[in-house]
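Here is what each chain is made of, one letter per residue.
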Amino acid sequence: MELRQGTDWVVDDLSVGEDEVVLAAAEGGDRVPRLLAARPKRVAVVDRNSAQLHLLDLKLAAVKSLSHGDYLELMGNRPSRRRRALYQRVRWLMPKEADEFWLGRLGVIDRGVTQQGEFERQLSSFRQFVRIVHGSKKIERFQALSTEAERREMYAREWQTYLWRQFGGMV
């Protein structure tokens, strides 16, 4: 475990022992469950953005009460028409503030929370741009290549189109 600034409670990686007390940022709620899997003595979670803390509360409640498949469905990693019903199954495990936060954002629940962040929107825009510039068939051929050398060769030979050179670096 790497320690920062001479403390014994801020870690840079996920190698945490059972007797340790850890301070973690909520950061979308993915790091904390991994830390908890190491069974530290205690995990204190902070974040400047309260929405990140509410997202963590939602994810922890879902992990505690749903199957893995239902969890993925609620979060938005799988298609679903029953996210609101899944939310109803987990909300009793969340603090009142988190429940009120998500009740005010049921549309986000319906669309799947993992697909709603700024990064996800930017990535979706980039995917659309790539599809416009290169087309689905070229993308499928690129994804089907099995080695890094093959991908580099196709990128050099076919990917460097005029549109890509003009706009690819900006997107």
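This text goes with the structure placed above it.
Residues numbered from 1 in each chain as written. Predicted model: local features only at pLDDT ≥ 70, side-chain atom pairs only at ≥ 80, totals over all residues. Heavy atoms only, no water.

Some points on the environment of Leu 93
Rules: Counting from the N terminus, the helices are DSSP H or I runs at least four residues long and the strands are E runs at least two residues long. Here a residue-residue contact requires only that any non-hydrogen atoms of the pair lie within 4.5 Å.
With respect to the helices and strands, the residue Leu 93 is situated in the loop between helix 4 (83–90) and helix 5 (96–103). Along the primary structure Leu 93 and Leu 60 are separated by 33 residues, whereas in three dimensions their C-alpha atoms are 8.6 Å apart. Excluding residues within four positions of it along the chain, Leu 93 makes contact with Ala 61, Lys 64 and Ser 65.

Observations concerning helix 5
Residues separated by three or four positions in an α-helix point in the same direction, a consequence of the helix having 3.6 residues per turn. To be explicit about the condition: The buried label applies to any residue whose accessible area, calculated with a 1.4 Å probe on protein chains only, is under 20% of its type's maximum; exposed applies above 50%, and partly exposed to all values in between. In this context, the arc is that of the directions from the helix axis out to the C-beta atoms.
What helix 5 keeps buried is the set Ala 98, Asp 99, Phe 101 and Trp 102. Projected down its long axis, helix 5 carries its buried residues within an arc of 160 degrees, all on one side. Exposed residues pointing more than 90 degrees away from the buried face of helix 5 are listed as Lys 96 and Glu 97. Buried positions along helix 5 lie against helix 2 (50–65), helix 4 and helix 6 (106–111).

So, the packing of aromatic side chains
Defined as follows: Stacked, tilted and edge-to-face are the three classes assigned to paired rings of Phe, Tyr and Trp, where Trp is represented by its six-membered ring and a pair needs centres within 6.5 Å; plane angles under 30 degrees give stacked, over 60 edge-to-face, the rest tilted.
Applying the stated criterion across every chain yields a total of 3 aromatic pairs. Arranged with centres 4.9 Å apart and planes meeting at 40 degrees, the rings of Phe 142 and Trp 159 form a pair that is tilted. On the criterion of sequence distance, the pair formed by Phe 142 in helix 7 (residues 118–144) and Trp 159 in helix 8 (residues 148–159) is long-range, its members being 17 residues apart. For Phe 142, a relative accessible area of 22% corresponds to the partly exposed category. A residue is classified by how much of its surface remains accessible, and Trp 159, at 7% relative accessible area, is buried.

Examining the pairing of strand 1 (residues 21–25)
Applicable threshold: Two strands qualify as a pair provided DSSP detects at least 2 bridges between them.
Burial along strand 1 is one-sided: Val 22 and Ala 24 are buried, while Val 21, Leu 23 and Ala 25, pointing the other way, are not. Note: strand 1 against strand 2 (residues 42–46), 5 bridges, orientation parallel. Following the sheet pairing, Val 21 is matched in strand 2 by Arg 42.

Quick notes on the nonpolar core
Stated formally: Nonpolar cores are built from buried Ala, Val, Leu, Ile, Met, Phe, Trp, Tyr and Cys residues. Side-chain atoms within 4.5 Å join them into one set.
Leu 58, Leu 74, Tyr 87, Val 90, Trp 102, Ile 109 and Val 113 are the most contacted members of the largest nonpolar core, which totals 20 residues. When residues of this core are traced back to their parent elements, those giving at least two are helix 2, helix 3 (68–75), helix 4, helix 5 and helix 6. Beyond its immediate chain neighbours, meaning those up to four positions away, Leu 74 contacts Leu 58, Ala 62, Leu 66, Arg 83, Leu 86, Tyr 87, Val 90, Ile 109, Gly 112 and Val 113.

A closer look at the side chain of Asp 99
Within the secondary structure, Asp 99 is located in helix 5. Leaving out residues up to four positions away in the same chain, Asp 99 has contacts with Tyr 87, Arg 91 and Met 94.

Remarks on helix 4
Arg 83, Leu 86, Tyr 87 and Val 90 are the residues of helix 4 that are buried. Along helix 4, the residues classed as buried sweep out an arc of 105 degrees about the axis, all on the same side. Buried residues belonging to helix 4 abut helix 2, helix 3, helix 5 and helix 6.

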